[in-house]
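A structural walkthrough
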Amino acid sequence: MNRIHIVSNRLPVSINIENDNIELIPSVGGLATGMRSVYKQYNGKWIGWPGLPNDDLNDELALRIEEKLVEEDCVSVHLSKEEVDLYYDGFSNRTIWPLFHYFAQYIDYDPALWDAFVSVNQKFADKALETLEEGDTIWIHDYQLLLVPEMIKSKKPEVTVGFFLHIPFPSFEVFRILPWRKELIEGMLGADLIGFHTFDYQRHFCSSVRRLMGYEISFNEIHIEDRIIIVDSFPMGIDYDKFREASIQTFQKPLQEKSKLHRELEKYFMVSPDRKLILSIDRLDYSKGIPNRLRAFSKFLEEYPEFIGKVTLIMLAVPSRGTVEHYINLKKEVDELVGRVNGKFGSVNYTPVWYFYRSLPFENLIELYSSCDVALVTPVRDGMNLVAKEYVASRTNRTGVMILSEMAGVAKEMGEAIIINPNNIKEIADAINQALTMPLDEQRERMVFLQDRIKRYDVFKWASEFVKSLSKVEEIQNSLYAKKINSKIMESLKSKYKASKKRSIFLDYDGTLTGFKKNPNDAKPDEELHKILYKLEEDPKNTVTIISGRDRESLEKWFEGHKINLIVEHGVWIKKYQKEWKMLSNATDTWKPSIRPSLESFVDRTPGSFIEEKNYSLVWHFRKAEPEQGELRANELKDELTTMIANHNLEILEGNKVIEVKSGGINKGIAALQFLQNQDFDFIFAIGDDWTDEYMFKELPDSCHTIKVGLKHTAAKYKVESVNSVRKLLIELSE
Ligand code: GDG
């Protein structure tokens, strides 16, 4: 694999300017650690905002900062104060953040924020585009940059694009609230690989893609006109060894080297050996469930008074987004709750909650992790939650109990924790009691499992798994493109076309000559298509045949005046130019009364679906049905029909959002062969998009030019991407 670049809102360094001296301080967060290993190893650049609005810098200073960043292989995206305000504090944190964390009541719908989000995303994309070279791969991170994948893909389709979302992806019922929902999905779909922390987020995303865009999704592949996108889950890990080693060192430090906090913690335990500490660490964010945690702790002291005076909750709340109203209110609420618990249960010698509203150095964090008996992690929504993993990694003596919200992504990997519903105060209170009274053996048993898993799938493994999948996606794309018609193939096709004297041209209709419509009767040929076909037909060497699953009536009406043959109902009927309709097979319709009631019951149970009746087939259409229900019912119907058709000579065809039951013994392949019988065509061309056309591709002799529309696996010789490419190809041939 060639270079891999990273794009994220912030660069992995912060800039400190003191006495005109510029210092770059590397970030120690999980993302920075994991990604540093990737972009360094693959000689890439990291594109992001350096964290200082450019209004604060004069030109000379800005230039010197830039030089420093270049040394670190960082490319900075410059943002003004106003841009940061509208794009970051604004649309990212006032609109997307509450929406994706199910806080619909907090969403800001201001269109000015959206406009800024689009233009700043474009700035990131432009910087990335300047950096990208042929063969490069790019990995974009998180909810601030949801539009960047498409902005890159549309300009440089050959670049492999990865995207990872660090926060939850909400259910469609919540996501649909947003006026710009479609734009966000389109933005993300610019990526070739889209990663989430959990399968649930992945499934919610796929559901939104299905419902908003109508794209076909099979397993974890999204099929769009000319591309396949892989969606998968990659639960992010931590730098396990760093936490473990730091924890070991903490215990080995001589007294005089211990921090003030550490000495305080040791003093706390010295008063009485049965004293216990509970730890809570988060950014002060409404998604983290801090008020409920305090309520639950209060309830615990109320219900289990024997612990009053013996248990302290250490609560570290790191200031965050302090200018946003909901965060200001949250801070007030938390302050009040802490005051209330301490007022109610505290005494001269006992403070139930030690509350720190600040960020602490890493060393202190480790001291807290390794000294506290219980970790209380109770977010109401959390993409992953790395604090839970860091606590586990720091428990070098393998004791300690984790109480964990089922709403955190990390709960999926931590079955050995005590799992709670963060809105159930009583349940959390009981869980605290269970944790504090858990025998050491049981603690160790649980901790061993937790540690093994988190050690194995650490942040480096997470990053390398994503990178591995990126190169796999690249391979899949390459194999899909392998048969794509390029200029060389086109030239050869054209010269064979020119050199030939008698040509047969088979054209499928829906999905080939024209796109799919919600209502099949709306798919009439447009002006452009008429012109293309007239041009083909006017060449006396050409015999043009539309070969389709449609019924006789619409095609006959639509192509009146064309010098064209029609083969319809998948080969049951044929109408040669200026001749009458003739049956190609001995199809019957006597079976219809026994099959129709079954289809009707599916129509009744599946709003939006309907039956189309052809002479020798019945078709159940579900394009207009709710997509997931449609797919589900289609599978049910296929099952049901399979047992029903046993006594009739019938076939079930699965087309694009349709299930068709038809008289057996005929298909497009057999029909095309019958048509060609006893004729001496020296150029046979067949083009179609779905698997009913595959019969044609398989049955026609090897010398024929068979072409699949779309990138799926096929028996055809070549592929083109879309209806548009079909039209271009026909125009080029006939010229
Ligand atoms: C987002 C998603 C997802 C905290 N206080 C201090 C401090 N921290 C460090 C922790 C941990 C990190 O901050 C917090 O990470 P989380 O994962 O818990 O939460 P978010 O910041 O909301 O992160 C989240 C994550 O992205 C990764 O994908 O897990 O769901 O919301 O590493 O150690 N570090 C120091 N002092 C502190 O006071 N030094």
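Everything here concerns the structure above.
All values derive from a computational prediction rather than experimental measurement. (Residues numbered from 1 in each chain as written. Predicted model: local features only at pLDDT ≥ 70, side-chain atom pairs only at ≥ 80, totals over all residues. Heavy atoms only, no water.)

1. So, helix α17 (residues 459-481)
For α17, built from 23 residues, the straight-helix expectation of 33 Å at 1.5 Å per residue is met to within 8% by its first-to-last C-alpha distance of 33 Å. Among the residues of α17, Val459, Trp462, Ala463, Phe466, Val467, Ser469, Leu470, Val473, Gln477 and Leu480 are the ones counted as buried. (Helix = DSSP H or I, 4+ residues; strand = E, 2+ residues; numbered from the N terminus. Expected span 1.5 Å × (residues − 1). Buried < 20%, exposed > 50% of the residue type's maximum accessible area, 1.4 Å probe, protein only.)

2. Topic: the nonpolar core
For soluble globular proteins, nonpolar side chains are generally found buried alongside one another. Ranked by size, the top nonpolar core spans 101 residues in total, and within it Phe124, Ile138, Ile152, Phe169, Phe205, Phe297 and Phe300 carry the most contacts. When residues in this core are grouped by element, the largest group, 8 residues, is from helix α4 (residues 111-131). Both of domain 1 (4-233) and domain 2 (240-456) provide at least three residues apiece to this core. Setting aside residues no more than four positions away along its own chain, Phe124 makes contact with Val7, Ser8, Asn9, Ile47, Gly48, Trp49, Val77, Leu79, Tyr87, Leu145 and Val148. Counting 54 residues, the second largest nonpolar core, distinct from the first, contains Ile564, Trp573, Phe675 and Phe697. (Core = buried A, V, L, I, M, F, W, Y, C linked by side-chain atoms within 4.5 Å. Domains from an automatic or database assignment. Contact = heavy atoms within 4.5 Å.)

3. A few points about the packing of aromatic side chains
Under the defined criterion, the tally for this structure stands at 41 aromatic pairs. Look at Phe602 and Trp620: their rings are 6.0 Å apart centre to centre, the planes differ by 75°, and that puts the pair in the edge-to-face class. Of this pair, Phe602 sits in helix α21 (residues 592-605) while Trp620 sits in strand β24 (residues 617-621), placing them 18 residues apart in sequence. Through a chain of ring-to-ring contacts, three or more aromatic side chains come together here, namely Tyr87, Tyr88, Phe91, Trp114, Phe117, Phe124 and Trp180. Directly above the aromatic system of Phe362 lies the positively charged group of Lys242, at a separation of 4.8 Å from the ring centroid. (Phe/Tyr/Trp six-rings, centres within 6.5 Å; stacked < 30°, edge-to-face > 60°. Lys NZ or Arg CZ within 6 Å of the ring centre and 35° of its normal.)

4. Here we look at the pairing of strand β8 (residues 193-196)
Side chains Leu193 and Gly195 project from β8 onto one buried face, and the interleaved Ile194 and Phe196 project onto a second face that is buried too. Here 3 bridges tie strand β7 (residues 160-164) to β8, and the two strands are oriented parallel to one another. By the bridge assignment, Phe163 is partnered in β8 with Ile194. Bridge count between β8 and strand β11 (residues 227-233): 4 bridges; the pairing is parallel. Paired with Leu193 across the two strands is Ile230, which belongs to β11. (Pairing = 2+ DSSP bridges.)

So, to be careful, I would describe these as geometric facts and stop short of saying anything about function.
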